[in-house]
Amino acid sequence: MSTQGPSRLSAARTAGDPDAAFQALNDSLAFDRRLWPHDVAQSRAHARMLGAQGIVADADRDAILAALDTVELELREERFAFAPGDEDIHMAIERRVTELAGPAGGRLHTARSRNDQVATDVALFTRAAAHETAALVEGLAGALIGAAERHLDWALPGYTHLQRGQPVLLSHHLLAYVWMLLRDRERLRFAAAQTGALPLGAGALAGVNFATDRAAVAGELGFAHPAPNSIDAVSNRDFVLDLLHAASTCATHLSRLGSELVLWSSAEFGFCELPDAWTSGSSLMPQKKNPDAAELLRAKAPRIVAHLGALHGVLHALPLTYNKDLQEDKEHLFDAVDALALCLVAARGMVEGAVFDRERMAAAASDDLTAATDLADLLVGKGVPFREAHGVVAGLVRAAVGSGRALGDLRPDELPAPLELGEVAEVLRPQSWLDAKVSEGGTALPRVREQLERARAALAA
Ligand code: ARG
């Protein structure tokens, strides 16, 4: 290593030390060091290919590979000594390889640029993150299925506008989240598939002057094929957008779950108690059990969505090919992946440990006003057009609510002609509202059982 300026592995035009503030702005090591496993893997694949193609002598290739083994060990054991001039993880690793392997180390970067190198590392990271996130999504979906099984026939109100709408089964409500998560998994799988084109071999932008074997490198690193266009290869960060989009939608789903857990665990609802391990006490009020984790499910989502928006901003109108702007892909990607992982683990913990209050939910679900639609349907069964029936029942609701009574308290003389007290009483029996929702995907118990089977099979697919 020359002493001309910190690092300066590639100091062709510049002399002397860069301004300290420029270095602080420009260096990415603080956040891109976590790419090291991918950087080592691609350097190995690249060195092997260079050897196999006769671009680098076997002895030099072996020296490089041995140095990479040492580098990997040092990094894994957290005793890799970073140097003040290490601008990013790629420079740091190459510097160390050169220290260890001598002049042979200087041959590692043959037929490679940091432009195709960083794109390759980010693609590898994105693919791994997509798979790891999908596994966490599956874990949460499995926990929701478990909770649905444990509360198969427990009723609670279903809401629209946060007003009691129609009673549903808790299992049905929990399964709604499972379908959302299964769509998230699809999006994550799509993002993983979008990393299939290997950037490495594109060089700086135009290709390289050597007879490389890009297909071999692609095969070794698990890419489907070499990227067909070197210009696109070093410019492309679409797969990061795809992952951030999948993460944003998933986080938004979790924000809705978090929000419901906050409401449900309040004294006002009292539908569930969250596990101690996922709540906190108050420093002042001894009676408090705060649903912090559920609140953070709500609040992390916009942060993850903002990362997606920010990367769209970075890529917007960016001239081809590589621009330093692209270095700004990483913090958005990393933070989104980390935040979402924490949220998925927390959501799972809360779903697994939440204790539901069957009586409390049943009481809320037995407000017979929520059977108003069923009463209208009873009239429909007697040939009354639905719109007309709706008006008639609205009149009954006004009469009941106006005098502080339930629908079931209405006197026979208050019921309009085709309705008889006995059948009205039957329709207003809480369980019958649930049993009546027999349509596919509805909340009648046999339909929910059927749905549970489908969800289980879909999760396993
Ligand atoms: N740290 C850079 C990044 O993350 C690596 C690529 C640098 N390439 C360059 N031509 N300066 O994007």
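Conventions adopted
- Residues numbered from 1 in each chain as written.
- Predicted model: local features only at pLDDT ≥ 70, side-chain atom pairs only at ≥ 80, totals over all residues.
- Heavy atoms only, no water.
- Helix = DSSP H or I, 4+ residues; strand = E, 2+ residues; numbered from the N terminus.
- Rg over C-alpha atoms; globule rule 2.2 N^0.38 Å.
- Contact = heavy atoms within 4.5 Å.
- Areas by Shrake-Rupley, 256 points an atom, 1.4 Å probe, with all protein chains shown as cover.
- Lys, Arg positive; Asp, Glu negative; His and termini not counted.
- Charge placed at Lys NZ, Arg CZ, Asp CG, Glu CD.
- Patch = residues over 30% accessible without salt bridge, like charges linked within 9 Å, V, L, I, M, F, W, Y side chains within 5 Å.
- Salt bridge = Lys/Arg side-chain N within 4 Å of Asp/Glu carboxyl O.
- Buried < 20%, exposed > 50% of the residue type's maximum accessible area, 1.4 Å probe, protein only.
- Pairing = 2+ DSSP bridges.
- Disulfide = S-S within 2.5 Å.
- Axes fitted to C-alpha atoms, helices over the stretch in contact; angles between N-to-C directions.
- Left-handed = near helix turned anticlockwise from the far one by under 90°.
- Nonpolar A, V, L, I, M, F, W, Y, C, P; charged D, E, K, R; others polar.
- Parallel < 35°, antiparallel > 145°, perpendicular 65-115°, else oblique.
- Polar contact = N/O pair within 3.5 Å; in protein donor to acceptor, adjacent residues only side chain to side chain.
- pLDDT = per-residue confidence, 0-100.
- Arc of directions from axis to C-beta.
- Near = heavy atom within 4 Å.

Some words on the overall build of the protein chain
- Per the secondary structure count, the protein chain includes 18 helices and six strands.
- For the protein chain, whose C-alpha radius of gyration is 31 Å, the value lies well above the compact-globule estimate of 23 Å for 461 residues.
- The principal-axis extent of the C-alpha atoms belonging to the protein chain is close to 100 × 50 × 40 Å.
- Long-range contacts, defined here as pairs at least 24 residues apart, represent 74% of the contacts in the protein chain between residues at least 6 apart.
- Just so you have it, the protein chain exposes about 21,300 Å², and 55% of that area is on carbon and sulfur atoms.
- One way to put it: in the protein chain the 45 positive side-chain charges average out to a point 1 Å from where the 61 negative ones average out.

Notes on a nonpolar patch on the surface
- Taken together, the side chains of Leu205, Ile231 and Leu320 make up a nonpolar region of the molecular surface, amounting to roughly 280 Å² of accessible area.
- Tracing the chain through its elements places Ile231 in helix H9 (residues 230–235).
- Looking at Ile231, the relative accessible area reads 35%, which means it is partly exposed.

Quick look at helix H14 (residues 372–381)
- If you check which residues of H14 are buried, you get Ala372, Asp374, Leu375, Ala376, Leu378 and Leu379.
- Those residues of H14 that are buried lie in contact with helix H15 (386–402), helix H16 (421–427) and helix H17 (430–435).

Some points on the pairing of strand S2 (residues 163–169)
- Sheet topology places strand S1 (residues 155–160) next to S2; six bridges connect them, and they run antiparallel. Of the residues in S2, the one forming a bridge with Tyr159 is Arg164.
- Turn length for the S1-S2 hairpin, with the two strands adjacent in sequence and antiparallel, is two residues, and the turn residue His161 shows positive phi of about 55 degrees.

Let's talk about the state of the cysteines
- Enumeration according to the criterion identifies zero disulfides in this entry.
- Here Cys272 stays free of any disulfide, with the sulfur of Cys343 as its closest cysteine sulfur at 18 Å.
- The thiol of Cys343 is not disulfide-bonded; the next cysteine sulfur, from Cys250, is found 8.8 Å away.
- For Cys343, a relative accessible area of 7% corresponds to the buried category.

Observations concerning the packing of helix H10 (residues 238–264) against helix H12 (residues 329–353)
- Where H10 contacts H12, the axes come no closer than 10 Å and their chain directions differ by 30 degrees. The two elements H10 and H12 cross, and the hand of that crossing is left-handed. Contact residues: Val240, Leu243, Leu244, Ala247, Cys250, Ala251, Leu254, Leu257 and Leu261 in H10; His332, Leu333, Ala336, Val337, Leu340, Cys343, Leu344, Ala347, Met350 and Val351 in H12.
- Within the contact of H10 with H12, the residues separate by chemical class into 18 nonpolar, one polar and no charged.

Side note on the pattern of salt bridges
- Scanning the model with the defined rule gives 38 salt bridges in all.
- When the shortest N-O distance is used, the salt bridge between Arg96 and Glu74 registers 2.8 Å. Taken together, the residues Arg96 in helix H5 (residues 89–101) and Glu74 in helix H4 (residues 58–76) connect sequence positions 22 residues apart.
- Overall, the relative accessible area of 7% leaves Glu74 in the buried class.
- The network of salt bridges with shared partners includes Glu74, Asp86, Arg95, Arg96 and Glu99.

A word on the packing of helix H6 (residues 114–150) against H12
- Packing of H6 against H12 brings their axes to within 9 Å, and their N-to-C directions diverge by 15 degrees. In terms of orientation, H6 and H12 fall into the roughly parallel class. Crossing angle aside, the handedness with which H6 passes H12 is left-handed.
- Class assignment of the residues belonging to the contact of H6 with H12 gives a composition of 19 nonpolar, three polar and five charged.

Section: the side chain of Asp88
- Mapped onto the elements of the fold, Asp88 is located in the loop between H4 and H5.
- A polar contact of 3.2 Å, which involves the side chain of Asp88, links it to the backbone nitrogen of His90.
- Looking at Asp88, its side chain comes within polar contact range of the main-chain nitrogen of Met91, at 2.9 Å.
- Not counting chain neighbours up to four residues away, the residues in contact with Asp88 comprise Ser28, Leu29, Asp32 and Arg114.

Considering the confidence of the model for the protein chain
- With 97% of its residues at a pLDDT of 70 or more, the protein chain shows a mean pLDDT of 94.
- Of the regions scoring below 50 in pLDDT, residues 1–7 engages in 15 contacts with residues more than four places distant in sequence or in other chains.

Some thoughts on helix H8 (residues 214–221)
- Of all the positions in H8, only Arg214, Val217, Ala218 and Leu221 are classed as buried. For H8, the angular spread of buried residues about the axis comes to 100 degrees, placing them on one side.
- As for H8, its buried residues are in contact with helix H3 (36–52), H6, strand S3 (197–198) and strand S4 (225–226).

Quick look at the site of the ligand
- In the vicinity of the ligand, the residues found are Ser28, Asp32, Asp88, His90, Arg114, Asn115, Val118, Tyr322, Gln327 and Lys330.
- The side chain of Asp88 places a nitrogen or oxygen atom 2.9 Å from a nitrogen atom of the ligand.
- Contacts to the ligand include Asn115, whose side-chain N or O atom sits 2.9 Å from a nitrogen atom.
- Starting from 340 Å² of accessible surface for the ligand in isolation, the protein chains cover 86%.
- Looking at the shell around the ligand residue by residue, the classes come out as two nonpolar, four polar and four charged.

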